[in-house]
Structure formats: C-alpha cells, structure tokens
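# Remarks on the overall topology
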Number of protein chains: 4
Amino acid sequence: SKYEYVKDFELDDTLLPNCWIVVRIDGKGFTRFSELHKFEKPNDKRALDLMDACAKEVLNEFPDVRIAFGESDEYSFVLHKSAKLYGRRSSKIVSILVSCFSANYVRQWSNFFGNQPLSSTPMFDGRAILYPDVKTLRDYLTWRQVDTHINNQYNTCFWALVHQAGLSNAEAQATLKGTDTGAKNELLFSQFGINYTHLPEQFKKGSVIIRRHQEFVAKHQDDGTAVVRTRRVPVVMYCDIIKEQPFWSENADLLS
Amino acid sequence: SKYEYVKDFELDDTLLPNCWIVVRIDGKGFTRFSELHKFEKPNDKRALDLMDACAKEVLNEFPDVRIAFGESDEYSFVLHKSAKLYGRRSSKIVSILVSCFSANYVRQWSNFFGNQPLSSTPMFDGRAILYPDVKTLRDYLTWRQVDTHINNQYNTCFWALVHQAGLSNAEAQATLKGTDTGAKNELLFSQFGINYTHLPEQFKKGSVIIRRHQEFVAKHQDDGTAVVRTRRVPVVMYCDIIKEQPFWSENADLLS
Amino acid sequence: SKYEYVKDFELDDTLLPNCWIVVRIDGKGFTRFSELHKFEKPNDKRALDLMDACAKEVLNEFPDVRIAFGESDEYSFVLHKSAKLYGRRSSKIVSILVSCFSANYVRQWSNFFGNQPLSSTPMFDGRAILYPDVKTLRDYLTWRQVDTHINNQYNTCFWALVHQAGLSNAEAQATLKGTDTGAKNELLFSQFGINYTHLPEQFKKGSVIIRRHQEFVAKHQDDGTAVVRTRRVPVVMYCDIIKEQPFWSENADLLS
Amino acid sequence: SKYEYVKDFELDDTLLPNCWIVVRIDGKGFTRFSELHKFEKPNDKRALDLMDACAKEVLNEFPDVRIAFGESDEYSFVLHKSAKLYGRRSSKIVSILVSCFSANYVRQWSNFFGNQPLSSTPMFDGRAILYPDVKTLRDYLTWRQVDTHINNQYNTCFWALVHQAGLSNAEAQATLKGTDTGAKNELLFSQFGINYTHLPEQFKKGSVIIRRHQEFVAKHQDDGTAVVRTRRVPVVMYCDIIKEQPFWSENADLLS
Ligand SMILES: Nc1nc2c(ncn2[C@H]2C[C@H](O)[C@@H](COP(=O)(O)OP(=O)(O)OP(=O)(O)O)O2)c(=O)[nH]1
Ligand SMILES: Nc1nc2c(ncn2[C@H]2C[C@H](O)[C@@H](COP(=O)(O)OP(=O)(O)OP(=O)(O)O)O2)c(=O)[nH]1
Ligand SMILES: Nc1nc2c(ncn2[C@H]2C[C@H](O)[C@@H](COP(=O)(O)OP(=O)(O)OP(=O)(O)O)O2)c(=O)[nH]1
Ligand SMILES: Nc1nc2c(ncn2[C@H]2C[C@H](O)[C@@H](COP(=O)(O)OP(=O)(O)OP(=O)(O)O)O2)c(=O)[nH]1
Ligand SMILES: O=P(O)(O)OP(=O)(O)OP(=O)(O)O
Ligand SMILES: O=P(O)(O)OP(=O)(O)OP(=O)(O)O
Ligand SMILES: O=P(O)(O)OP(=O)(O)OP(=O)(O)O
Ligand SMILES: O=P(O)(O)OP(=O)(O)OP(=O)(O)O
Ligand SMILES: [Mg+2]
Ligand SMILES: [Mg+2]
Ligand SMILES: [Mg+2]
Ligand SMILES: [Mg+2]
Ligand SMILES: [Mg+2]
Ligand SMILES: [Mg+2]
Ligand SMILES: [Mg+2]
Ligand SMILES: [Mg+2]
Ligand SMILES: [Mg+2]
Ligand SMILES: [Mg+2]
Ligand SMILES: [Mg+2]
Ligand SMILES: [Mg+2]
C-alpha cells in the first residue's frame, strides 16, 4: 500500500559479527518489588531460585546461549560469537530474551512462592553488549561475580547489624563505611558468630548456568527395555568463574 | 574494580530527540501459540481482549505513551516526541515495554481463558521506530489499521471457505487469489450470508487505546458524602483512526 | 571469493528519513594553522573568503544542500530532509562533503593567499546531525550565528587590548572577564574608538550561502544575438538568519 | 545560551573498543577523473605514486595507523585495536583521515603530474569497519589484495585487446568473459608477448605501507660530528600480504 513507506524508518541495528553477545537483564525497581513481596534479607532463596528457573528456560529456548550468570535481580546471557539468530538484530534479540524471562517469572512464581500472590508486575530491562574476544568476555563475567561477592558481603553485614544488633539503617551504614573485606568477615564472626565462608554458595557466588549431558529414557522397546539417550540440559551451579581452575579448564569448550 | 572497564563496551543507543517513538511488539510464533491454545479462527475475542488488557497496563505504567494500536498478536505504542524516559535509551525503552506486556500476558491469562492452562511461554519481540513528524506517524497508524482490515477480511473469507464450505486450505487460498475487497465481501454475503460490516468492530478495526477522564470516589467525608475526583484512565476503542473525522478532530491533543 | 564475508562487517549507518541533515565541518587545529600562516587577528578576510569559496563548491557539487552557514574555521551544510544521496548513508555523506571542502581549500588557497605558501595540510573534521523539524533546524542556525557574534565581539576586544593597548593575553582576558555585550561595545568605543556596528558584516554575522537565480549567456544565435538563460548559483551573504525578517520571509522556499 | 539544546541532537557514534578499525577511502567518480586527467591505462604510475604519497602523510599524521594498503583509487588504513583517537568517534576518525588524504592529493598533485593542471576536484568517500580479531582483519587485507590481482589482470588483458589488438570495448569484454586466471596469462603471453609476472609489482600487488626504522642526522656536535638517531618512517612496499611468509612473520609486531 501507499503507506508501506513508513517501514523505511525502521533502521538496521545489526550487531557486529564475530563478537560475543552479552544480554544483561535487570529487574525494574526490585528494591520496591522485593519489599512488597517480603523477600528475605539480604537473600531470599525463593527469589534467587525463581531467577535461576527463568534463566534455564532462556537456555532451553535459545541454543546460542552458552553460559549465563545471575545474581540479585539480574542475569547475563552469553551468546556465542557466531550466533546468527534474528540476523543478529539487537532489538529482536534483547526483546525476545527479556520477554522469555519476564513471562517465565510470572508463570513460575507460584512454584517458588506457593500461595503468596504476585501483587505487582515484575519487569526487566535488557541490553546487548559486544565483547570482541574471550579475554574481555571473561573479564565481564569476573566483573559480575566480584560484584556479587562485594554486595553480598556488605548486605550480610548490613542486615545483621540492623536485624540482630538493632541498629538503624543509617547506623549500620556508618559502621560499615570504609571497612575492607577482612574487617567485614571479622565483624560477622565476632559480633554475630557468622562464618562467611559457611554461607550458601548461591548467595556468595551467584548462579552459573551451562549445559550438561543428561541421560533420559527416550522410549521403551517392545520387551519393555528402556532406551536411554542423552541430551544436553541447562544446569545451575554455584561456583567460581573467576579463576581458571577448575571451572574454565573443565569447560574449555564453552567459549571455543 | 579493575574489571569496571568492561562497562565501556556498552555503547550509547539514545534515540534522536523530538521524534515520535513507536514501540511495536509482536508475538513470537503465534501461529503455533494460537493453535496450541485453540484460539478461535480467524479471531478469538478472548485472545484479543487479553492483548488489550496487557496494553492498558503498559499505558498505566508509562505516562509517555499517548496512544496504542493493536491487532492480531501485535501492539504499537506511541510515545510522545518529548518523552525523556530512560534518557531515551532505545534498549531500555523497548525491553521494559516488552517485559511489561509479556509479564501481564501471563498474569492476566486466566482472566480471559479461565481454566484453560497456559501451556507454553508467550513471548514478544519489540523494536523502536522514530517518526520525525505527525504526518509520518499518522501514516504509520494508518498502515497498521489498513493491514488489520486486509488481513481480517482475507482471514474471514479463508476460514469460512474452510470451515463452512469444507474446502482444503489450498483450495481456499486458490479461491481467494486475486480477488479484490468488493469481491471478498460479495463472496461472504452470497455464499455464507455474512455481512462483513456487521462483524465486530474489534475484528475489523483493531483496538485503539487512549486515556479518558473518569470520575472516581477519592474518599468519603465525615458525614458520608463521597468526594468525587477525576483521573485519566486508558480506555479501549474500536474505531477508525485513518480518517480525520471524528477520531483525530475529537482527540487533537493526543499528538500535540 | 571466500574472503567476501569480510564485507558483512560493514554495518548500515543510514540516517533517519525525513529529517534535516546538518553536516558541520571544523578545521583541525586551526589555532596553530592560523598562526603558522599568519592569519590576521581576530579575522583574516582572506581566510574567511577562502572558506566561503570552498563552501560554494560544496553547493555546486551537492544539490541537496539548501543553505550553508560559516564562521571562523567551521561550516554547516543543511541538506533537505528529503535528500536521498548515497541512500542517506552517514559516513558517505560526511566524508564526501569533508573531502570536497578540504581538496578545494588547497586548490583555491593561492586565489586568496597569493604567493604565500601553504606550509601544512589543512584538515577538517565532519559530523552529521539530524533535525526532525524546521524549528529545531532554525534554532541550530541561530545557535551558530549567536556563537559568531559572541566570539567575534570577544575576540575584537581581546586583540584590541593586546595589540593596541599593549596588554598581555592574561591581562586582556582578566579585563574582559564577566563583561556583558554592552560593556564590550562601550570598551571598544571609548578606549579604541571602534564602533562595533561598523565592523564588516562578514565578521559580525558569518557567511550565509544560498542559491540565487543568475542570468548567463547560454549561446549566441547566428545573427550574434546572445541567448540569455538563468541558472541558480550559490551566493554568499552576510546577514541575519536569526530573525524572521527579512531573510526567512524572503526565502521561505529554502526550508519548504 | 537557550539554543545550546540543539547540541543534544548530536548522537554518540563511538566505535566498539578493542576492535581493529579499518578506514577505507575510495575516489569518487575516478572513472571520469582518470579520463579527464588522461591516466594511462590500466595503470598510471604517477596516479598510484600520488595515492601512496598521500597515504604516507596519513601515517605521518596518525600514529594509530599500523598498516595501510592501496590499489586503484582506494586505500585502507588499519588502526590498532587499542586506538583511542577522538574517543573512537567514528565520524571524527573517518572525516579527518579522508580530509588529510584529499588535501594532500591536491597539495602533491604537481609532484607527480608536473605541469598538467588539476582540472577537477578529487574527492574521496570514507567508512570505518570494525574487525574483532586478527584473523578477520587479515582476511580483509587478503580480500583487497586478491581484488587487486583480479582487477589488474583483467584490465591488463582488456586494454591490450583494445589498444594493441584494436578490439572495441565490447569485443574485448566478450573475449575475456568466462576466462580463468591461467587463460588470461596465456592470452597476454601468446597474443601480446606480455609475461604477466614481469609487470611492475606495484600494479600486481598494490601498495603496502608500514613504518620502518630509519637513521637520520639529529644534530651536529661542536666538533662537527653528526649525531645519528633513528626514527620510524612510513615506507611503501609492493609485496604479498596474503601468505604468512615472509611479510607477516617478519612483521609480527604489526598486529600485536
Ligand atoms: N530482600 C531482597 N532483596 C533483593 C533480593 N534480590 C534483589 N533484591 C533487591 C535488592 C536491591 O534493592 C534490588 C536490586 O538492585 P538494583 O540496583 O537492580 O535496583 P532496582 O531494581 O531497585 O532499580 P533499577 O530499576 O534496577 O534501577 O533488588 C533478595 O534476594 N532479597
Ligand atoms: N486463530 C487465531 N490466530 C491468531 C489470532 N491472533 C493472531 N493469530 C495468529 C495468526 C497468525 O498466524 C499469527 C500472527 O502472525 P505473525 O506474522 O505475527 O506470525 P507468527 O507470530 O507466527 O511469527 P513471528 O514470530 O511473529 O515471525 O498469530 C486469533 O485471534 N485467532
Ligand atoms: N587569526 C585568526 N584565527 C582564526 C581565524 N579563523 C579561525 N581562527 C582560529 C581561531 C581559533 O583558535 C581556531 C578555531 O577554533 P577551534 O575551536 O575550531 O579550535 P582548533 O581548530 O584549534 O581545534 P579543533 O581541532 O577544532 O578542536 O581557529 C581568523 O580569521 N583569524
Ligand atoms: N586509467 C586509469 N584508471 C584508473 C587508475 N586507477 C583507478 N582508475 C579508475 C578505474 C576505475 O574506473 C576507477 C575506480 O573504480 P571505482 O569502482 O572506484 O569507480 P568510481 O571511482 O568511478 O566510482 P565511485 O565513485 O567509487 O563509485 O578509477 C589508473 O591508474 N589508471
Ligand atoms: O542499574 P545499575 O545502577 O546497576 O547500573 P546500570 O545498569 O549500568 O545503569 P543503567 O541501568 O542506567 O544502565
Ligand atoms: O514479522 P512480519 O513478517 O510481520 O514483518 P516484520 O515484523 O516487519 O519482520 P521482522 O519481524 O523480521 O522485522
Ligand atoms: O570543537 P568545539 O570545542 O567547538 O566543540 P565540538 O566541536 O562540539 O567538540 P568536538 O569537536 O569534540 O565534538
Ligand atoms: O564502490 P564499490 O562498488 O567498489 O563497492 P562498495 O564501495 O562496497 O560500494 P559502496 O561504495 O556503495 O559502499
Ligand atoms: Mg540498571
Ligand atoms: Mg534492578
Ligand atoms: Mg540489579
Ligand atoms: Mg515480525
Ligand atoms: Mg507474531
Ligand atoms: Mg503479527
Ligand atoms: Mg570540534
Ligand atoms: Mg577547529
Ligand atoms: Mg572551530
Ligand atoms: Mg564504493
Ligand atoms: Mg571510486
Ligand atoms: Mg575504487
């Protein structure tokens, strides 16, 4: 029709070929969302497990995602540099991944929060970032996991001071100001008997998702014998992805 | 930290100021999704109403959206040219709107489909398109509503031929090939007794959402008198947005 | 060949349709270039005339340029919003205009500087900026002409203080600090007998280039009669382009 | 001023960090330009030497350029992936390089063409292309040098057929249609006694520019002894840059 010309205003947003694509999503206003839904502080295992479950669905849906890393209200999805989905159109890729995640967050809410109603709409922003080489990509992942540690250690101290020692938020903040990582661990141990290293790995390290071979019963033969095949399914791990050993040496194929 | 440098790889994607922003979302693989969930053909009122309900939530959430237009598995949201949300960052705007829509689609599913389970994850892609002036923006909206009419008329004929006349898909397609709009109306009337103009406006015109003043009881005074105030709420209309009269002349403020 | 794939790394940089395109170029390191070539301070008519001559060649070469404005070592070229040259590819447009200007600067140097040798390579950077409507485009042009006035008035005072009153650069700067436009004119008049309004319009207003009809002798008939035709040629004017009258009302077609 | 807001319409065009930047420039309408200036066919050594001289000036001006490759009316400049010039702003980089080249083309014209006047303005377009790794960058350079060979061999045959055998352009084209590289060499040798391998390397391979250490007399001591220092200066080579040996192994530092 004579109106088709309006389509010319859609500009190309193809992502540079041969670069690793990171799509990072982050919850919109989760400070408020977490309070509204009474998330445990500083970490609510139900909330984190729900995030992990949604991220697994993203991997199930998009084979180009090689590894994902999540913490707090955010998740990063790494697409292989050779990925061709949607012709590498940035808006398409970002919007579809965000959509998959958001819809799953609602779909799976009750699996983790039971009868507690979802009383506002969870939303996530998303963006695509390109890394031209494995070194910068690994540095990206390191950046996120270092962030996980720093935030978690701080928040653990903060809420212990508030909930257990009865400090006000401002007092807790003042107490922690300028303390280094050693001092924070010391404070946790001496004042609250908390050994930081004994906290759940999920809280300290965040969540890593990769694909693993898994056996499954494909069918049964006439005589009832099960035919076992293997497929690759996303699995969640709470482990270090900063150091080379053991994660990257054991999973060298991930970024090859 | 020394890894912060990876943030420099996030490039700016600010949208040109002073242009109308259209965010169009479209269901991923809804050919399959609509079959899986046994949508009525060619139009399932439950599905369309659900789309409209999600779009209304987008307007509730984002004041910059002035008007929205929906049909089939797609919705277009028009943000005022002066919109400043997220500094006009394209990925942010597109992803958040898509996320809002997708999460609401799941949240509100059962309001429209009752007990019928949601058996796969609904996903939507999204994109931002800029229109520098009201003329091209209006042409965009016209383009979508013309599309609604063409598709709906075709689909109405197609499924009448298949469901009522018992033709195969291929036969129905062959029958309709090359017919103009008059011939299609004629076919519907003479062969199936369907007067196209009597079909629901929602199917023929798609859905338009704008904000309307609505009175509500803000509070009650001590003596029990209701205090009535007005607020602007999104309302769905099924009307022509191609011609100047009456829609655009009555709603001149929309694009001012 | 099997190496053709490298062309896929060339990404599309098409400029949004229906927007006015401004290409602004600016001399690289002209602080140094003007000293090296002993430009008169603050304005060297030869240098400004050379800039104007180069800009005229840009208009001769590119019919899409409707109006150009120049001052100091910069020039802005306004391409009509409907321009289609090079498919509106940004790099193509910017680079070709810059190239045309730069090559002409060298070609025409001796027309303005006579025997004085060109002792370094003049270079210009360039950029494309989009304006979605005439209002913002006019504000752009106003911005540049206001800048011309401010710079020229300041520089006139500055160099009068240095050259005529014998102040050091730092003293001249200190003297002018915080003075408004009235005080500067007053200083020029009382201390140096310079009536600012009597300075050359080219220095005060910058240069405006548009196309004007001009008669020319196309050929001579057998009896010797000259056949006069008209063509549109770029002409330089030094006039106000901020106010509506008389420039814009007389040249209403420029931005239509 | 209140007009400063127009600067917000200048959008960021920063190039992705850590990628090799190739700026390729190409003469505008050199089919015509070469005829107008009576370039020898198929290769005019004066024209090619002028191109090389301009490219050397680009290397003198921009230390980030590691290697350049030229043929016909085009030149490719490779900037190191860590280059930070102009904050990696694409328009800035492309326009300044094009400007440097274009201005030099005019400045140095008479060094190569003597008294022959420059009778039109030479112009070049430019673009930036990113390559995320050395492999794709090397493939880019290979792509250009393969192109040089193919074009040169074809053009050598074509003009021999036209100039020496007296064929029309159309006949020459028809004669060459579908011939492979061996057949073309055979034709040159048997019909015109031209041994393709004996043609100038500059024509067959194009021009490669890298920096080489060169000794120069920095000053003279009081006793008249010359103080010799070394600096790196751009040198032009006509050599294979497709194979690893000897170019890339001897110049391993270029892309490190
Ligand atoms: N209590 C609790 N809060 C959490 C948990 N996970 C995330 N949150 C909260 C803590 C932070 O306030 C917030 C995440 O920080 P952000 O920087 O993403 O801020 P927020 O989402 O509020 O704003 P944004 O829209 O992302 O700019 O989510 C959790 O497991 N428990
Ligand atoms: N039966 C039925 N189908 C509908 C209704 N609304 C939309 N659909 C279906 C018809 C089309 O096959 C499909 C929309 O067409 P699209 O061009 O968006 O294709 P689809 O979503 O399959 O692929 P895409 O991922 O968008 O490229 O959705 C409805 O109310 N009833
Ligand atoms: N003496 C003299 N100088 C002039 C004339 N026109 C321009 N200039 C000089 C004054 C400024 O120092 C310079 C223009 O200022 P810019 O902000 O463009 O600085 P410049 O070109 O040095 O650096 P850039 O590479 O543009 O960042 O050119 C003139 O007619 N006479
Ligand atoms: N006779 C002669 N012609 C040359 C020489 N070097 C380049 N040329 C001509 C041959 C080609 O027609 C032209 C280069 O081809 P292009 O594909 O760049 O075409 P052209 O510059 O005409 O158009 P463009 O503006 O780049 O699209 O320049 C030379 O040394 N001698
Ligand atoms: O959201 P923050 O504060 O963690 O940091 P960011 O996501 O980089 O900021 P933005 O969401 O504004 O891009
Ligand atoms: O999806 P279509 O076929 O309606 O048309 P489109 O949305 O413009 O195509 P794409 O989704 O590939 O941008
Ligand atoms: O060059 P300036 O300082 O006049 O201002 P600008 O041109 O906007 O700055 P830049 O050249 O860095 O874009
Ligand atoms: O100019 P060509 O034909 O050699 O090929 P190109 O340079 O890739 O084409 P364009 O100049 O249109 O980008
Ligand atoms: Mg954020
Ligand atoms: Mg958040
Ligand atoms: Mg967060
Ligand atoms: Mg689509
Ligand atoms: Mg769809
Ligand atoms: Mg659709
Ligand atoms: Mg500048
Ligand atoms: Mg300058
Ligand atoms: Mg300047
Ligand atoms: Mg070209
Ligand atoms: Mg060319
Ligand atoms: Mg060429």
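Details of the structure are given in the entry above.
All residue numbers here refer to positions counted from 1 along the written sequence of the relevant chain. For this description, chains carry letters from A and ligands carry numbers from 1, given in the order in which they are written. With the structure being a predicted model, the display of local features is reserved for residues of pLDDT at least 70 and the display and counting of side-chain atom pairs for 80 or more, all residues being used for whole-chain, interface and lining totals. Working from all heavy atoms in the structure, the side-chain values ignore hydrogens and water.

## A short note on unusual backbone geometry
Rules: By definition, any uninterrupted DSSP run of H or I lasting at least four residues is a helix, any uninterrupted run of E lasting at least two residues is a strand, and each is numbered from the N terminus. Burial classes follow relative accessibility: with a 1.4 Å probe on protein chains only, a residue under 20% of its type's maximum area counts as buried, one over 50% as exposed, and anything between as partly exposed.
Gln245(A) connects to Pro246(A) through a cis peptide bond whose omega is -5°. Secondary-structure assignment places Pro246(A) in helix 8 (residues 244–250). For Arg88(B), which is not glycine, the phi torsion reads 60° and is therefore positive. Note that Arg88(B) resides in the loop between strand 3 (74–79) and helix 3 (90–113). The class for Arg88(B) is buried, based on a relative accessible area of 5%.

## Quick notes on the interface of chain B and chain A
Put simply, the rule is: Contacts were defined at the residue level, with two residues in contact if any of their heavy atoms lie within 4.5 Å. Once two parts are put together, the accessible area they lose, assessed with a 1.4 Å probe and summed over both, is termed the buried area. Put simply, a salt bridge is a Lys or Arg side-chain nitrogen that is within 4 Å of an Asp or Glu carboxyl oxygen. Residues adjacent in sequence count toward polar contacts only when both atoms are side-chain atoms; beyond that, a polar contact is any pair of N or O atoms within 3.5 Å, and within protein one must be able to donate a hydrogen and the other to accept it. Residues are sorted three ways: Asp, Glu, Lys and Arg are charged, Ala, Val, Leu, Ile, Met, Phe, Trp, Tyr, Cys and Pro are nonpolar, and all the rest, Gly among them, are polar.
At the junction of the two partners, chain B supplies 48 residues and chain A supplies 48 residues. Contact between chain B and chain A buries roughly 4,000 Å² in total, counting both sides, with carbon and sulfur atoms accounting for 62%. Ranking the residues of chain B by area buried against chain A places Tyr3(B), Arg107(B) and Trp143(B) at the top, with a combined share of 16%. One can count six salt bridges joining chain B with chain A. With its nearest N and O atoms 2.9 Å apart, the salt bridge here joins Arg127(B) to Glu10(A). There are 22 residue pairs in polar contact (both at pLDDT 80 or more) connecting chain B and chain A. Counting residues per element, the side of chain B that touches chain A draws most heavily on helix 3 of chain B, at 13 residues. Class assignment of the residues belonging to the side of chain B that touches chain A gives a composition of 23 nonpolar, twelve polar and 13 charged.

## Topic: the pairing of strand 3 (residues 74–79) of chain A
All names here are of chain A. We apply this condition: At least two bridges found by DSSP between two strands are what make those strands a pair.
Counting buried residues in strand 3 gives six out of six residues, a clear majority hidden from the surface. Burial along strand 3 is two-sided: Glu74, Ser76 and Val78 and Tyr75, Phe77 and Leu79, pointing in opposite directions, are all buried. As paired elements, strand 1 (residues 20–27) and strand 3 share six bridges and run antiparallel to each other. The residue of strand 3 that forms the bridge with valine 22 is valine 78. For strand 2 (residues 65–71) and strand 3, the ladder comprises six bridges, and the chain directions are antiparallel. In the sheet register, glycine 70 faces strand 3, and the bridge partner there is tyrosine 75.

## Things to note about the sheet that holds strand 6 (residues 226–237) of chain B
Residues and elements named next belong to chain B. To keep it simple, the criterion reads: Between the N-to-C directions of two axes lies an angle of 0 to 180 degrees, each axis being a line fitted to C-alpha atoms and, for a helix, fitted only over the stretch in contact.
In spatial order, the strands read 4-1-3-2-5-6; together these six strands make up an open sheet with antiparallel pairing. Of all the strands in the sheet, the pair left with one neighbour each is strand 4 (124–131) and strand 6. Between one strand axis and the next, the sheet turns by 25° as a mean value, whatever way the strands run. Helix-sheet contacts for helix 2 (residues 45–61) involve strand 2 (65–71), strand 3, strand 4, strand 5 (207–220) and strand 6, and the interaxial angle to strand 3 is about 20°.

## Some points on the site of ligand 1
Residue and element names in this part refer to chain A. Condition: What makes a residue near a molecule or strand is one non-hydrogen atom of that residue sitting within 4 Å of it.
Taken together, 15 residues lie near ligand 1, and Asp26, Gly29, Phe30, Thr31 and Asp73 sit nearest. Between an oxygen atom of ligand 1 and a main-chain N or O atom of phenylalanine 30, the distance comes to 2.8 Å. Among the secondary structure elements, those contributing two or more residues to the shell around ligand 1 are strand 1 and helix 1 (30–36). Counting residues per element, the shell around ligand 1 draws most heavily on helix 1, at three residues. For the shell around ligand 1, the per-class residue count stands at three nonpolar, six polar and six charged.

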